Amino acid sequence: MADFHQLISLEGKVAVVTGASKGLGAAFAPMLAQAGSDIVILCRHKKYLDETARAVHRAGRKALAIECDITRESQVQGMVKQVIGEFGKIDILINNAGTERINRAPEETSLEDWTSVMHTNVDGTFLCAREVGKVMVPRRKGKIINIASISGQVINKYFHGGSYDVSKSAVVALTKALAVEWAPYNITVLAVSPGYYDTDPNRKWFEKNPEIYSNVIDMIPLKRLGAIEELSGFIACLASDVTNYMTGSTIVIDGGYTAW
Ligand SMILES: NC(=O)c1ccc[n+]([C@@H]2O[C@H](COP(=O)([O-])OP(=O)(O)OC[C@H]3O[C@@H](n4cnc5c(N)ncnc54)[C@H](OP(=O)(O)O)[C@@H]3O)[C@@H](O)[C@H]2O)c1
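Rules used throughout
Residues numbered from 1 in each chain as written. Predicted model: local features only at pLDDT ≥ 70, side-chain atom pairs only at ≥ 80, totals over all residues. Near = placed C-beta within 6 Å. Helix = DSSP H or I, 4+ residues; strand = E, 2+ residues; numbered from the N terminus. Nonpolar A, V, L, I, M, F, W, Y, C, P; charged D, E, K, R; others polar. Buried ≥ 20, exposed ≤ 12 C-beta atoms within 10 Å, placed from the backbone. Contact = placed C-beta atoms within 7 Å. Pairing = 2+ DSSP bridges. Axes fitted to C-alpha atoms, helices over the stretch in contact; angles between N-to-C directions.

Chemist: Explain the site of the ligand residue by residue, including any values.
Modeler: Inspection of the region around the ligand gives 31 residues, with Gly19, Gly23, Arg44, Gly98 and Thr199 positioned closest. Listed by contribution, the elements that provide at least two residues to the shell around the ligand are helix H2 (23–34), helix H5 (111–136) and helix H7 (200–208). Here the residues of the shell around the ligand sort into 11 nonpolar, 15 polar and five charged.

See the structure below:
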């Protein structure tokens with residue numbers, strides 16, 4: 001019989017987590033480390049990665065912090081080169097870095113605002129997948145988890161934000177496209193669509209608009225925000241061999257928000 005602990009373990013693996021200085025990414029990195037993986041963490045400001053690196057070390061694993069803007073092709077290529085130089089491989093990519101919604105009505109959204117969201121959430125996510133894919137393909141092995149959003153599934157009530165919603169729908173579509181392209185190389189590609197979590201973008205908006213916060217909570221059947229540790233634990237399970245037969249899927253984790 002298969003050993004459950006072995007199946008779920010990330011022992012000996014190398015995971016790259018984008019957008020790991022704060023919010024969800026800062027929680028994903030140490031959870032993946034607890035599961036046994038060495039971790040590469042990145043964002044645009046290296047000094048903000050120190051705390052995440054310490055949390056990875058506390059879990060007993062190596063952390064490599066790299067300053068990298070996911071929208072800059074040469075920086076993403078340099079990041080992958082550095083990781084290969086240090087660890088020799090990449091087993092897991094958590095494509096998490098993203099920018100928040102520009103909460104403006106469509107008729108007031110400039111092309112510049114529109115493009116900035118699409119550039120980070122779609123182009124940046126693609127660039128990281130493409131460059132990491134290039135080193136996974138020859139190994140015939142790899143797992144990519146793209147962080148989409150329920151905004152890729154539905155339009156969030158009480159918010160404007162066409163560009164954010166469109167960008168996350170694109171992440172869901174990109175996940176399916178890459179899954180099909182790379183299945184012959186044994187690379188699986190999944191997306192996770194989280195609902196509402198207590199990170200900076202939501203916190204700023206809800207603190208300014210407490211009535212919207214209550215309305216949003218009321219729209220969630222479980223009547224609370226998601227707990228980041230639940231999501232991190234789930235991401236670590238998804239990154240394990242348990243999901244080797246899953247590819248192209250988007251998993252929604254939203255307290256039931258999209259159920260009604
Ligand atoms: N929180 C939620 O409730 C929720 C729900 C659904 C989906 N999501 C998605 O989950 C992901 C994380 O969200 P979050 O709430 O944790 O956001 P956050 O707290 O704003 O953190 C975003 C992270 O991404 C990094 N980042 C942003 N732009 C980057 C770029 N161009 N290159 C490299 N790193 C970049 C940021 O660091 P620097 O600014 O230093 O680069 C930071 O580490 C996003 O894709 C978001 O859309 C979040």
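Chemist: Can you tell me about the environment of Ala15, naming the residues and giving the values?
Modeler: Note on placement: Ala15 falls in strand E1 (residues 14–18). Overall, the presence of 29 C-beta atoms within 10 Å leaves Ala15 in the buried class. Expressed as a C-alpha distance, the spacing of Ala15 and Ala239, which sit 224 residues apart in the sequence, is 8.9 Å. Each residue touching Ala15, except ones within four places of it in the same chain, is listed here: Leu10, Leu32, Ser37, Ile39, Asp91, Ile92, Ile94 and Ala239.

Chemist: Can you explain the sheet that holds strand E4 (residues 92–95)? Please cite residues and give values.
Modeler: Across the sheet, seven strands lie side by side as E3-E2-E1-E4-E5-E6-E7; this open sheet has parallel pairing. At either margin of the open sheet sits one strand with a lone partner, and together these are strand E3 (63–67) and strand E7 (250–253). Strand-to-strand twist in this sheet, taken as the mean axis angle between neighbours without regard to direction, amounts to 15 degrees. Both E4 and strand E5 (residues 142–147) contribute to a ladder of four bridges, which runs parallel.

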